Amino acid sequence: MEFKGNLPSAEPSLSDWKWVKEQIAADAPVPYDASDPDDGPYDPNDDAAADRFLTEANRTHPVPKVKDRKVAKAS
């Protein structure tokens, strides 16, 4: 049985893991086209752009205020 992620699956993986490991070992750049909207919001090869996106992407403006915060109690 082969594992897909964390779950066992009878289907073979569609990923070419040999190629992936070679790309990682060669530190090959990720193909990116800024004019293609499907390529994402930042250049994954630009460390500063990736860090900026990952730190700012999870912010919520303005910060939501909760009046009565409900806390679960153990029974």
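Residues numbered from 1 in each chain as written. Predicted model: local features only at pLDDT ≥ 70, side-chain atom pairs only at ≥ 80, totals over all residues. Heavy atoms only, no water.

1. Focus: the overall build of the protein chain
Our working definition: Each helix is a run of H or I in the DSSP string that is no shorter than four residues. Each strand is a run of E no shorter than two, and both are numbered from the N terminus. Exposure categories follow from relative accessible area, calculated using a 1.4 Å probe and restricted to protein chains: below 20% of the type maximum is buried, above 50% is exposed, and the middle band is partly exposed. For the accessible areas, the method is Shrake-Rupley and the probe is 1.4 Å, while residue cover comes only from the protein chains on display.
A tally of helices and strands in the protein chain yields two helices and two strands. Moving toward the C terminus, one meets the helices and strands of the protein chain in the order β-β-α-α. Sorting the 75 residues of the protein chain into buried and exposed places 4% on the buried side. Within the structure as shown, the protein chain displays about 7,500 Å² of accessible surface, and the carbon and sulfur contribution to it stands at 54%.

2. Comments concerning the confidence of the model for the protein chain
The cut-off we apply is this: Known as pLDDT, the predictor's confidence for each residue is given on a scale from 0 to 100.
Confidence along the protein chain averages 81 in pLDDT terms, with 83% of residues attaining 70 or more. The least confident element of the protein chain, judged by mean pLDDT, is strand β1 (residues 2–4) at 55; the most confident is helix α1 (residues 17–25) at 92.

3. What to know about the packing of aromatic side chains
Selection rule: Aromatic pairs are defined between Phe, Tyr and Trp rings, using the six-membered ring for Trp, whenever the two ring centres lie within 6.5 Å; interplanar angles under 30 degrees are classed as stacked, those over 60 as edge-to-face, and all others as tilted.
Within the structure shown, the criterion is met by one aromatic pair. Ring geometry for Tyr 42 and Phe 53: centres 4.8 Å apart, planes at 25°, overall stacked. Within this pair, whereas Tyr 42 is found in the loop between α1 and α2 (47–56), its partner Phe 53 is found in helix α2, the two being separated by 11 residues in sequence. Here Phe 53 falls in the partly exposed class, since its relative accessible area comes to 34%.

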